[in-house]
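Letter by letter, the chains look like this.
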Amino acid sequence: MKHLINYRKIVWVFIALLIFTGIFTYVQLPKRDIPEITQNIASISTVYPGANPEEVEQTITNPLENVLADVDGIAEMSSASTTGFSAITLSLDSDVNAETVYGTIRQTVLEESATFPDNVPSSTVSTDIITSNVATYHLLADEQSTLLEMRNQVEEWENALTAINGVDAVLIKGLPDQLLSISMNNDDLGSNQIQPNQVISAINTAISPTAIGSEQKEDTIYQLSLDSYQEIDGLNDIYIGQNQRNQPVYLGDIASIQVENDAIDDIIRYQDQYALSLTVQAQEGVNIAQLQDQINVEIEQLKQELPSEVTVDRFYTQSTVINEVYSSLITSFAISLIAVLVIMLLGLPLSSAILVALAIPISIIIGLIPLPYAGVDLNQISIIGMIVAIGILVDDAIVVNDNIQRRFQLGDAPLQGTIRGVREIAVSIITSTLMIVFSFLPLTFLSGSNGDFIRSLPLALICTVVASTIMALTLIPTVQYTKQKKSKKKKSKTKSVGILGPLFKRIEKVYADKIIPATLKKPWLTVTSGIVLSLLLVLLVFKVPFEFFPAADRAEVTISAQLPEGTTIESTNQALEDMEDYILQEADNVAETVIYSGSGLPGIFGSSLTRSGENTGQLVVRIDRDETSASAFINEWETSLREEFQDAELFLETIVSGPPPSPSVEVKVQGPDIDQLVTIADNLQQELANLDTAKIVTNNTSQEQPFINYQIDRDYLAEQGIDINQVTGLLQLANVGAPLGDFDNGVERLPIQLSLDDGNPEGINLNALEIPVFNQAEGGPPTIVSFDEFITTETTEKIGAIPHLNGDRTITIEGYEMDGEASAFTESAEEIIANASADLPEGYQILEDGEASAETAFFIEVAKLFLIVLFLIYLTIAIQFNSLLTPLLVTSTVFLAVTGAIVGLFISGQPLSFLAVLGIVSLSGVVVRNSILLIEFIEQNKIRYESTMTAIIEAGRARIRPIILTTLTSIAALTPIIFTGDVLFKPLAVSIVFGLLFSTILTLALLPAFYITMDRVRK
């Protein structure tokens, strides 16, 4: 300390450099709404045109799952085999190198895809599943055809936006892909006696590049090449064969070739207009606010070139949410800062209050420096950590300043008083800081998305508190020494002790001369009374409501709808429009709505469709938050919407302040036979849905999809010598067509789709499809046989999707409870599930999961961390005091703090949420500071005084003021969050404020009795 004082100017320069570095770090830190949550997930998509779910399962899904099961690093594998499509989702282990595993997955899928049927395109492996959506824009027009003609301009928008530094991609919805359609005319094929397989062979030969090597002439090597088709019209000249008159037949003679739009995946309606949506996605670690500014400039330029009948609307921006959140947090931050300053002015001299106040912004600015290296950016979670730190970080400065001032008042010289003042409390200050670090650091090891979500809070707080300790042990002593040295020759004046200085004097006198002696008369009675009171108050935890993560205070309500299987996208869109009209007519306080029919929203508002199709869609309702809330809207309209639109399965949700929630009950039914499996799942779903506490129960498959089953007379085919593959090939060509690779001329790349025009655009015309039958015995021309002669049809209903979990057929049932009925619903559901499990046939099993299981796992993990925190605190205090009993005395205040937190949650009506639990855990390091300082002075006083009681009384007299001041500053810093903060953080603030208040009061009242009782036991 003497060296620091002698070189104090260098110390100040060093602090100034740290401040400038912190400011620079603040400018460079990315700013976003919530932390980036890393999820190592891969998806594999495979299209199998015309195949039913069972065929997709057997041909695509099962082979892929079998080979992927041997890939190390995959934690879970789920899939869904639907009509013409296989989707596999892979979750990786948290401790693997994701890129290495992704590479292995891609190679494995590529090798297995080579064994698929020829009409199956290569599987697509996607790894960027979780994206940060910066903004969503709507291009609006009265007619959908107007938007479909804007493909070139949309591509220009996409290229311009992706060229912006920080933009990862642009997701476009509402604009179908294009393909090169080759439609064969059935009559022309027949008149020219050309078979479809001849056409397929000729096209494949024409579009496939052929390498013919090189040739050397003299001293020059020439690469040889063949002319390829550079224009689409040139495909008309592909030679197919000869007709019966020995005339050449070209592709243009028997087929029409044109570029067409693929089937529409999405219909978007906004304010009675059709829309295309463009969602800009950011790269990892980008400053969202700055990126949005660049996007705004580019959009202003791009929209100048739009047709007059097309307008642009910015529907969503993350920066708007960020600005709203930040303005609320900054307001809370400012109020907290002012409240702390007021508390210090009341209890400290003006000069000391100003000096201690300076430690707040300096500590926060310097605390920013390590954040980028820890992977933390500025978001509402890290900022709330700094707000929590405001009330803690002044503790060290107050304690150091108060003790130096006390030494000066005892007559010490500037240098001697400064050194002694710091020396007396330096160990306790460092120990107390370690307590804070030990209480918050384990929270950074929480696993899963919950851990990723909350990790920035403890890291930001730890960095800030460590910075405050450095300031308290460097800046405060050097400034106080300089100030005292300059004023030592001036005439002595009565020193100011703050506005409430006289009140603190009276408090010191009452506490030291009356309260402590009263508690020490019968210490065992005091100890027993305190323990019994705390135990009784802890029982209030059973009266505190529970809510893992609350709904965010946002304007958007998302209504996800699933109509019966087989519903067309046009019908789905009409149903959603009817729902929109109903809401606008019946509900007040609705600002606007938007419809996304098909695949749903582009990953905004925290909502997505797990399995989408033509029968699904989402309706977003923006409510007027000045009049109502999203949660209130859901509670008011959920039941009536389900009653009004009974054909649709509806799910209403709003944005949650945290990671995406799980259903209250999640049941997985596994077994080999799909029909039996569906029966078990449907029965279980119905039982759960019949519970009075159930809001909605869904499953991820159904038996309700209509199918037309084509029954082929195979005996007839055998008699006539007809190859069944030729029949199925023609059926496929007449219905969905067959993919034939890509047309690529180096400028544009279009997938080629070959189809057979049978005169029925809605399906298959069996009467128009014909096949030649050759009579080998008689010779002569072939006999033409119509398909309806050997094919009959039957309409049935089959399962629409076959889901798997880790390679086994698994149907997942998800149940959501009525508001406030989580516990009752879970208990009733568990009883039903237990009964269903007991009656299962052999080979079937039920696995239970869901939010209840997630919450149980979370509390078990937090309990383990809490024990680690207490052990680290115990170990540190044991080393400081060289005692095994003293740490028990200090850590007893943690129990008092937990009691206070529970009392606070009960009084305020706040739920025992994720952050409330973390607040209780963090209290363990905060509340022990007062105990450590008080016991430290008792131990020092025992050397000065003969009586232990006198040592306790005088320690209480010396420490009561800084203990009250530090507690009040911590409470003042967090109180604004209780009244003006986000719903996510109110339980955290309540638990810490009441825990501190309760713990401080009981610590001051009970700790002397605890200490003297322990002292007597020790003797």
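Residues numbered from 1 in each chain as written. Predicted model: local features only at pLDDT ≥ 70, side-chain atom pairs only at ≥ 80, totals over all residues. Heavy atoms only, no water.

- The name an unreviewed UniProt entry assigns to the protein chain is Transporter, from the organism Paraliobacillus quinghaiensis.

**Some remarks on the nonpolar core**
Then step 1. Ranked by size, the top nonpolar core spans 160 residues in total, and within it Leu139, Ile295, Met344 and Val400 carry the most contacts.
Then step 2. No other element matches the 17 residues that helix α13 (residues 380-409) contributes to this core.
Then step 3. Apart from residues lying up to four places away in sequence, isoleucine 295 is in contact with Val134, Tyr137, Leu161, Ile164 and Val280.
Then step 4. Core analysis: the second largest hydrophobic core is formed by 42 residues, Val199, Leu731, Phe743 and Leu769 among them. (Core = buried A, V, L, I, M, F, W, Y, C linked by side-chain atoms within 4.5 Å. Buried < 20%, exposed > 50% of the residue type's maximum accessible area, 1.4 Å probe, protein only. Helix = DSSP H or I, 4+ residues; strand = E, 2+ residues; numbered from the N terminus. Contact = heavy atoms within 4.5 Å.)

**Observations concerning a negative patch on the surface**
Then step 1. Together, Asp177, Asp262, Asp265, Glu570 and Glu614 make up a negatively charged patch on the protein surface.
Then step 2. With respect to the helices, strands and loops of the structure, aspartate 265 is situated in the loop between β12 (255-261) and β13 (266-270). (Patch = residues over 30% accessible without salt bridge, like charges linked within 9 Å, V, L, I, M, F, W, Y side chains within 5 Å. Areas by Shrake-Rupley, 256 points an atom, 1.4 Å probe, with all protein chains shown as cover. Salt bridge = Lys/Arg side-chain N within 4 Å of Asp/Glu carboxyl O. Lys, Arg positive; Asp, Glu negative; His and termini not counted. Charge placed at Lys NZ, Arg CZ, Asp CG, Glu CD.)

**Remarks on the pairing of strand β21 (residues 694-699)**
Then step 1. Among the 6 residues that make up β21, 5 are buried, leaving the element largely enclosed by the rest of the structure.
Then step 2. Sheet topology places β21 next to strand β29 (residues 808-817); 5 bridges connect them, and they run antiparallel. If you follow asparagine 699 over to β29, its bridge partner there is isoleucine 813. (Pairing = 2+ DSSP bridges.)

**Things to note about the sheet that holds β12**
Then step 1. Reading across from one edge, β12-β7-β24-β23 is the order of the 4 strands in this open sheet, with mixed pairing throughout. Of all strands in the sheet, those bounded by a partner on one side alone are β12 and β23 (738-744). When strand polarity is set aside, the average angle formed by the axes of neighbouring strands in this sheet is 30°.
Then step 2. Here strand β7 (residues 178-185) runs beside β12; their pairing, made up of 7 bridges, is antiparallel. From the neighbouring strand, serine 181 faces β12, where its bridge partner is glutamine 258.
Then step 3. Across the sheet, helix α8 (residues 196-207) lies against β7, β23 and β24 (749-757), angled at about 25° from β23, the strand it touches most.
Then step 4. Contacting β7, β23 and β24, helix α23 (residues 724-735) crosses the sheet at an angle of about 110° to β24. (Axes fitted to C-alpha atoms, helices over the stretch in contact; angles between N-to-C directions.)

**Examining helix α14 (residues 414-440)**
Then step 1. Its 27 residues place the ends of α14 37 Å apart at the C-alpha level, agreeing with the 39 Å of an ideal helix rising 1.5 Å per residue.
Then step 2. When the local axis directions of α14 are compared, the greatest deviation, roughly 45°, occurs at isoleucine 425. (Expected span 1.5 Å × (residues − 1). Bend = angle between axes of the 7 residues up to and from the residue.)

**Topic: the environment of glutamate 821**
Then step 1. Tracing the backbone through its elements, the reader meets glutamate 821 in the loop between β29 and α24 (822-838).
Then step 2. Note: C-alpha distance between glutamate 821 and alanine 694 (127 residues apart in sequence) is 8.2 Å.

**Some points on the pattern of salt bridges**
Then step 1. Taken as a whole and judged by the stated rule, the model has 19 salt bridges.
Then step 2. Among the salt bridges present, the one from arginine 622 reaches glutamate 556, with a minimum N-O distance of 2.8 Å. Of this pair, arginine 622 sits in strand β18 (residues 616-623) while glutamate 556 is found in strand β16 (residues 556-562), placing the two residues 66 residues apart along the sequence.
Then step 3. The buried category is assigned to arginine 622, whose relative accessible area is 14%.
Then step 4. For glutamate 556, a relative accessible area of 9% puts it in the buried group.
Then step 5. Here glutamate 638 ties to lysine 695 by a salt bridge, and the two come within 3.3 Å at their closest N and O atoms. Taken as a pair, glutamate 638 in helix α20 (residues 630-644) and lysine 695 in strand β21 lie far apart in primary sequence, 57 residues in all.
Then step 6. Glutamate 638 sits in the buried class, given a relative accessible area of 5%.
Then step 7. A single network of salt bridges, built from pairs that share partners, joins Arg407, Asp412, Arg420, Glu424 and Arg944.

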